[in-house]
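Notes for the structure review
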Amino acid sequence: MLNLVLFGPPGAGKGTQAIYLARTFNLVHLSTGDLLRQEITAKTDLGRMADEIISKGELVPDSIVISMIEAKLNTPKTTVGFIFDGFPRTVPQAKALDELLQKHNSKVSVMLCLEVDKLELIGRLLKRGLTSGRCDDADAATIENRINVYNEKTAPLINYYAEQGKYHQIQGIGEIDEIAARLKEAVLKL
Ligand code: UDP
Ligand code: MG
């Protein structure tokens, strides 16, 4: 199986590029952010809880996102692999993902990290906030907090995957199709 972890700070372009990668390699796209937003729209108990956390730019507890991924991996579906977008976000989540994939006799193939500097990220998120209707894109303070949370809790995953020789940096600035081509090339070289 080809299992890609698409990684990077908020606004790096994970969602956009995951769609291209999924299409190119016939992968199932799993975005925990999208799954949480579906819960919010459906006004479930989980959605209400997630909404409160997400609008502050904080992280939903590990147990919740891990269960969501577990449910998706256990749904019988033939696929050549998965693309994980916005998950894992903490080291415990990455460990849980490894265990879940192991149960399916599989593993993470590579972690592709989109490199984008902070000024560009803030500009992109503020711009997205004008049209996305996402509460977490709306104001500068929430965006700042999301980037801080990323640096504190999510960035340590770089080491986690680097130690396994799975960390690949991809320049995340440029035209969308240029970046898509860089990602494709990195996967084809695996
Ligand atoms: N989120 C989370 N855990 C996840 C996915 C998302 O806590 O596994 C929350 C978190 O508050 C994050 C927000 O949902 O800031 C939006 O996530 P998404 O991945 O969609 O944001 P992106 O980084 O792509 O802008
Ligand atoms: Mg996203």
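The paragraphs below set out a description of the structure included in this document. Nothing here was measured: the structure is a model prediction, and the numbers come from that model. (Residues numbered from 1 in each chain as written. Chains lettered and ligands numbered in written order. Predicted model: local features only at pLDDT ≥ 70, side-chain atom pairs only at ≥ 80, totals over all residues. Heavy atoms only, no water.)

Brief notes about the sheet that holds strand β4 (residues 110–115)
As a reminder, the rule being used: Pairing between strands requires that DSSP locate at least two bridges from one strand to the other. By the criteria applied, helices consist of DSSP H or I runs no shorter than four residues and strands consist of E runs no shorter than two, each listed in order from the N terminus. The convention used is that axes are lines fitted to C-alpha atoms, helices contributing only their stretch in contact, and that angles between N-to-C directions extend from 0 to 180 degrees. Residue contacts are counted whenever heavy atoms from the two residues lie within 4.5 Å of one another.
Overall, parallel pairing links the 5 strands, which are arranged β2-β3-β1-β4-β5 in an open sheet. The open sheet has two edge strands with one neighbour each: β2 (28–31) and β5 (167–171). In this sheet, adjacent strand axes meet at a mean angle of 25 degrees when their direction is disregarded. Looking at chain direction, β4 and β5 are connected through 5 bridges and run parallel. Paired with C113 across the strands is Q169, a residue of β5. Strands β1 (2–7), β2, β3 (81–85) and β4 of the sheet are contacted by helix α1 (residues 14–25), whose axis makes an angle of about 165 degrees with β1. Helix α2 (residues 32–41) contacts β2 and β3 of the sheet and is inclined by roughly 65 degrees relative to β2.

Considering the nonpolar core
Which entries qualify depends on this criterion: Each nonpolar core is a collection of buried residues, namely Ala, Val, Leu, Ile, Met, Phe, Trp, Tyr and Cys, held together in the definition by side-chain atoms within 4.5 Å. Partly exposed describes any residue whose relative accessible area lies between the buried limit of under 20% and the exposed limit of over 50%, with all areas from a 1.4 Å probe on protein chains only and scaled to the type maximum.
V60, I69, L73, F84, L97 and Y161 are the most contacted members of the largest nonpolar core, which totals 32 residues. The biggest single contributor to this core is helix α4 (residues 62–74), with 6 residues. Once you skip the residues sitting within four places of it in the chain, F84 turns out to touch N3, L4, V5, L6, L30, I69, L73, L97 and L101. Residues L4, A18, I170 and L183 belong to the second largest nonpolar core, which totals 22 residues.

Topic: α2
As a reminder, the rule being used: By definition, the arc is the one covered by directions from the helix axis to the C-beta atoms.
All buried positions along α2 are accounted for by T32, G33, L35 and L36. All buried residues of α2 fall inside an arc of 165 degrees around its axis, so they share one side. Exposed and oriented more than 90 degrees from the buried face of α2 are Q38 and T41. Residues of α2 that are buried in the fold lie against β2, α3 (45–54), α4 and β3. Of the residues one or two after α2, K43 is the one with positive phi, at around 55 degrees.

With respect to the side chain of S106
What counts, and what does not: Residues adjacent in sequence count toward polar contacts only when both atoms are side-chain atoms; beyond that, a polar contact is any pair of N or O atoms within 3.5 Å, and within protein one must be able to donate a hydrogen and the other to accept it.
With respect to the helices and strands, S106 occurs in the loop between α5 (91–103) and β4. A polar atom in the side chain of S106 sits 2.9 Å from the side chain of N3. Those residues in contact with S106 that lie beyond four places of it in its chain are M1, N3 and L101.

Quick word on the packing of α2 against α4
The following threshold applies: When an angle is under 35 degrees it counts as roughly parallel; over 145 it counts as roughly antiparallel; between 65 and 115 it counts as roughly perpendicular; any other value is oblique. Gly counts as polar in this scheme, as do all residues outside two lists: the nonpolar Ala, Val, Leu, Ile, Met, Phe, Trp, Tyr, Cys and Pro, and the charged Asp, Glu, Lys and Arg.
With their axes 11 Å apart at the nearest point, α2 and α4 run at an angle of 100 degrees to one another. Looking at the two axes, α2 sits roughly perpendicular to α4. When α2 is examined against α4, the residues T32, L35 and L36 are found in contact with a partner set consisting of V65, M68, I69 and K72. Looking at the contact of α2 with α4 residue by residue, the classes come out as 5 nonpolar, 1 polar and 1 charged.

Regarding the site of ligand 1
Note the threshold: Consider each residue's heavy atoms; a residue with any of them within 4 Å of a molecule or strand counts as near. Note on areas: Shrake-Rupley with a 1.4 Å probe; residue coverage comes only from the protein chains shown.
Close contacts around ligand 1 come from 18 residues, with T32, R37, E58, V60 and R146 the closest. Between ligand 1 and V60, the relevant distance is 2.7 Å, taken from an oxygen atom to a main-chain nitrogen or oxygen of the residue. Between ligand 1 and R146, the relevant distance is 2.8 Å, taken from an oxygen atom to a side-chain nitrogen or oxygen of the residue. Protein chains bury 96% of the 530 Å² of accessible surface belonging to ligand 1 in isolation. Considering each element in turn, the shell around ligand 1 owes the most residues, 4 residues, to α2.

Let's talk about the packing of aromatic side chains
Keep this limit in mind: For this analysis, a ring pair means two rings from Phe, Tyr or Trp (six-membered ring only for Trp) whose centres lie within 6.5 Å, classed as stacked if their planes differ by under 30 degrees, edge-to-face if by over 60, and tilted for the remaining angles.
As enumerated under the stated definition, the model contains 3 aromatic pairs in all. Ring geometry for F7 against Y150: centres 5.8 Å apart, planes inclined by 50 degrees, an arrangement best described as tilted. Taken together, the positions of F7 in strand β1 and Y150 in helix α7 (residues 140–154) put the pair 143 residues apart, joining distant regions of the chain. When its relative accessible area of 3% is taken as the criterion, F7 is described as buried. Classification of Y150 by relative accessible area gives buried; the value is 10%. Their ring planes at 90 degrees and their centres at 5.2 Å tell us that Y160 and Y161 sit as a pair that is edge-to-face. You can call Y160 buried: its relative accessible area is 16%.

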